[in-house]
Amino acid sequence: MKQLPFDREKLEQIAAVYPTPFHIYDEEGIKKCVKELYGAFSWNKGFREYFAVKALPNPFILSLLSSLGCGCDCASLPELMLSDASGVNGERIMFSSNDTPLNEYECANALGAVINLDDISHIEMLDRLEHFPKTVCCRYNPGNAFSMTNDIMGHLADSKFGMTKPQLFDAMAILKTRGVKRFGIHSMLVSCAMESEYYPRLAKSLFELALEVKAKTGVTVSFLNLSGGLGIPYYPDQEPINIKAIGNAVKEEYEKTLVPAGMEVDIYTELGRYITGPYGYLVSRVIHKKQIYKNYIGLDACASDLMRPAMYGSYHHITVMGKENMPCDRLYDVTGSLCENNDKFAIDRLLPEVQTGDLVVIHDTGAHGHSMGYNYNGKLRSAELMYHKDGTVTMIRRAEKPSDYFATLDFSPYADKLLK
Ligand code: LLP
C-alpha cells in the first residue's frame, strides 16, 4: 500500500485553509532521499547532484535542495534565473540545454554555470560569448550502441540529444584549443529506469569513453554526469530502486576501469523524478459522479495540474482519503474538466465506492507534475504547498488567478477589464 504523511483529518484541515486542488510536497521525504543519494555516492569525493529544475521549478524547493548540497540542472533562461534567485549559481549550475539560443548561453556564462554542450556546432555560439567558458561538458548520444531505452526517451538513434562519439572527440579537441581547462561528459539514455543496472552500465560506458578521449585527444576528463533517469515506483506493488546498491555498483565499475588507468573523475547526477517525485501529492476533491456507458468520478483538478496520464498514459496511484481500508470493488474513470477526452487521471480503476465531496490524493506528482501544467481551456494551475515534519504547511506557490491567465494582454485595450 502507498504511504501518505497525513491522514484524512489532517488533509481536511489543510484543505480548509488552501482550497483544492493543490500539490503538496513532503519536505522530510525529499530530505531523506537526498541524504541517501549522497550516502550512496560518498565514496566519490566530488559527487554532486544537480537537481533537474524542470521536474519541480520552485525556489523554495531549490533552496531546500541547495541547503542539502545540491546544485541545479537548468535548460532555459527562466530556469537559470530561478536557480540564481534560489542562491544557486557558479559551477553549482549545470546548463544542460539543447537547441539553445545565444542569450541563454550568455546568461549561463554570466552566472558562471557549467555549460553542457548538446552539439558540436554550438562551440561557435560559445565563441560569441564575452569570454569562453573554462569548464565545458559535452553531451554524448551513443545511438544504437546502448540498448536500454524506454518510451519516454525513445530509441537513442532517433533521439535529438547529444553528439556522436566522433563528434565528441572533435569537440573535446576544439575546446582544448579554446583554452578550456575542465572537461566533462554527460549522457542521459533512459527515463524512469527501474533497472538497477542502468547507472552502472551508463557509468561503465562513460568511464571507457573518458579513457578513449584521453587517448585520442589528450584531454583529461574531470567529471562525468550520469544525468537523470532513475525511476520511482508509481505502482503500489513496485519496489523502489536500491540507491545504495546502485552507488556501490557504480563504484565497482570505477575501480575496474578508471582506477587501474590512474584516472580520477567527479561523478555528477541530474536527477529530478527520483528526488522529488514520490514526495509530491496532487490533492483534489470529487465534485461529480456521472454514470453513462461507464462510471465517472469528476475531480476539481484536471490535466492542467498533472498531464502525465493524458500525455503518456502514465499510472498514478489514487487514494480516496478515509477509505483506505475499504474494498476496491468499484470501477471508475477518474476525470478532470478539460474538453479533452484524454483528461483522465485513471481509466478503469478499481476504487472504494466514491462520494461527491471525498478528498482524493493522486500520488507521485512531485516531479514533472505541476511543472508540466498548461492553460488549455483557460484552466488555472493549482497552488503548491510544503508539508513540514511537524505537520505545519507553507504555501510555496499560490494558485493561478484569472489575471495571471490574462497577464500577457497587459498592453491591450482589454487590459483594464481583464486584469483586475
Ligand atoms: N537532465 C536532463 C538533461 C533531462 O532532460 C532530464 C529530463 C533530467 C535531467 C531529469 O530526468 P528525471 O531524473 O526526472 O527522469 N516529462 C517526463 C520526463 C521527461 C524527462 C525529460 N528530461 C515525465 O513526466 O516523465
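Residues numbered from 1 in each chain as written. Predicted model: local features only at pLDDT ≥ 70, side-chain atom pairs only at ≥ 80, totals over all residues. Heavy atoms only, no water.

1. Thoughts on the packing of aromatic side chains
1) Next: In this structure the tally under the stated criterion is 13 aromatic pairs.
2) Next: Residues Phe-207 and Tyr-254 carry aromatic rings whose centres are separated by 5.5 Å and whose planes lie at 90 degrees to one another, so their mutual orientation is edge-to-face. Of this pair, Phe-207 sits in helix H8 (residues 198-217) while Tyr-254 sits in helix H9 (residues 243-257), and the two are 47 residues apart along the sequence.
3) Next: One aromatic cluster is present, formed by Tyr-38, Phe-41, Trp-43, Phe-47, Phe-207 and Tyr-254 through successive ring pairs. (Phe/Tyr/Trp six-rings, centres within 6.5 Å; stacked < 30°, edge-to-face > 60°. Helix = DSSP H or I, 4+ residues; strand = E, 2+ residues; numbered from the N terminus.)

2. So, the site of the ligand
1) Next: With respect to spatial proximity, 19 residues lie near the ligand, and among them Gly-229, Glu-270, Arg-273, Arg-308 and His-368 are the closest.
2) Next: Within the contact set of the ligand, a nitrogen atom lies 3.2 Å away from a side-chain nitrogen or oxygen of Ser-227.
3) Next: If the ligand stood free it would expose 580 Å²; the protein chains cover 90% of that surface.
4) Next: Its residues placed into classes, the shell around the ligand shows 6 nonpolar, 7 polar and 6 charged.
5) Next: Residue contributions to the shell around the ligand reach at least three from each of two domains, namely domain 1 (27-275) and domain 2 (278-409). (Near = heavy atom within 4 Å. Polar contact = N/O pair within 3.5 Å; in protein donor to acceptor, adjacent residues only side chain to side chain. Areas by Shrake-Rupley, 256 points an atom, 1.4 Å probe, with all protein chains shown as cover. Nonpolar A, V, L, I, M, F, W, Y, C, P; charged D, E, K, R; others polar. Domains from an automatic or database assignment.)

3. Things to note about the sheet that holds strand S2 (residues 48-52)
Strands pair in a sheet through their backbones, by hydrogen bonds, and they do so in one of two ways: parallel or antiparallel.
1) Next: A barrel is described by the order of its strands in space; here 8 strands give the closed sequence S2-S3-S4-S5-S6-S7-S8-S9, paired in parallel fashion. For this sheet, the mean angle separating the axes of adjacent strands, direction not counted, is 25 degrees.
2) Next: Here S2 pairs with strand S3 (residues 71-74) via 3 bridges, running parallel. By the bridge assignment for S3, Ala-52 is matched with Asp-73.
3) Next: Helix H4 (residues 77-85) rests against S3 and strand S4 (93-96) of the sheet, and its axis sits at about 170 degrees to S3. (Pairing = 2+ DSSP bridges. Axes fitted to C-alpha atoms, helices over the stretch in contact; angles between N-to-C directions. Contact = heavy atoms within 4.5 Å.)

4. What about the confidence of the model for the chain?
1) Next: Per-residue confidence for the chain gives a mean pLDDT of 96; residues scoring 70 or more make up 98%.
2) Next: Per-element averaging of pLDDT across the chain places helix H13 (residues 415-418) at the bottom with 96 and strand S1 (residues 22-26) at the top with 99. (pLDDT = per-residue confidence, 0-100.)

5. Focus: H9
1) Next: Between its first and last C-alpha atoms H9 spans 21 Å; for 15 residues at 1.5 Å apiece the expected length is 21 Å, and the two agree.
2) Next: Among all positions of H9, only Ile-243, Ile-246, Gly-247, Val-250, Glu-253, Tyr-254 and Thr-257 are buried. In a view along the axis of H9, the buried residues occupy a sector of 120 degrees, so they form one face of it.
3) Next: Where the residues of H9 are buried, they touch helix H2 (27-40), H8, strand S9 (266-269) and helix H10 (273-276). (Expected span 1.5 Å × (residues − 1). Buried < 20%, exposed > 50% of the residue type's maximum accessible area, 1.4 Å probe, protein only. Arc of directions from axis to C-beta.)

6. Points about the nonpolar core
1) Next: Counting 85 residues, the largest nonpolar core has Ile-185, Tyr-199 and Ile-275 as its most contacted members.
2) Next: Both domains that meet at this core, namely domain 1 (27-275) and domain 2 (278-409), each give it at least three residues.
3) Next: Counting 16 residues, the second-largest nonpolar core is a separate cluster that includes Leu-299, Val-334, Phe-345 and Leu-351. (Core = buried A, V, L, I, M, F, W, Y, C linked by side-chain atoms within 4.5 Å.)

7. What to know about unusual backbone geometry
1) Next: The residue after Thr-20, namely Pro-21, is reached through a cis peptide bond having omega 0 degrees.
2) Next: Structurally, Pro-21 can be placed in the loop between helix H1 (8-17) and S1.
3) Next: Even without being glycine, Cys-192 reaches a positive phi, approximately 55 degrees.
4) Next: Structurally, Cys-192 can be placed in the loop between strand S7 (182-186) and H8.
5) Next: Residue Cys-192 is classed as buried on the basis of its relative accessible area of 17%.
6) Next: Non-glycine residue Asn-377 carries a positive phi angle of around 65 degrees.
7) Next: Examined against the element boundaries, Asn-377 turns out to sit in the loop between strand S15 (359-362) and strand S16 (383-387).
8) Next: Exposure remark for Asn-377: the relative accessible area of 35% places this residue in the partly exposed category.

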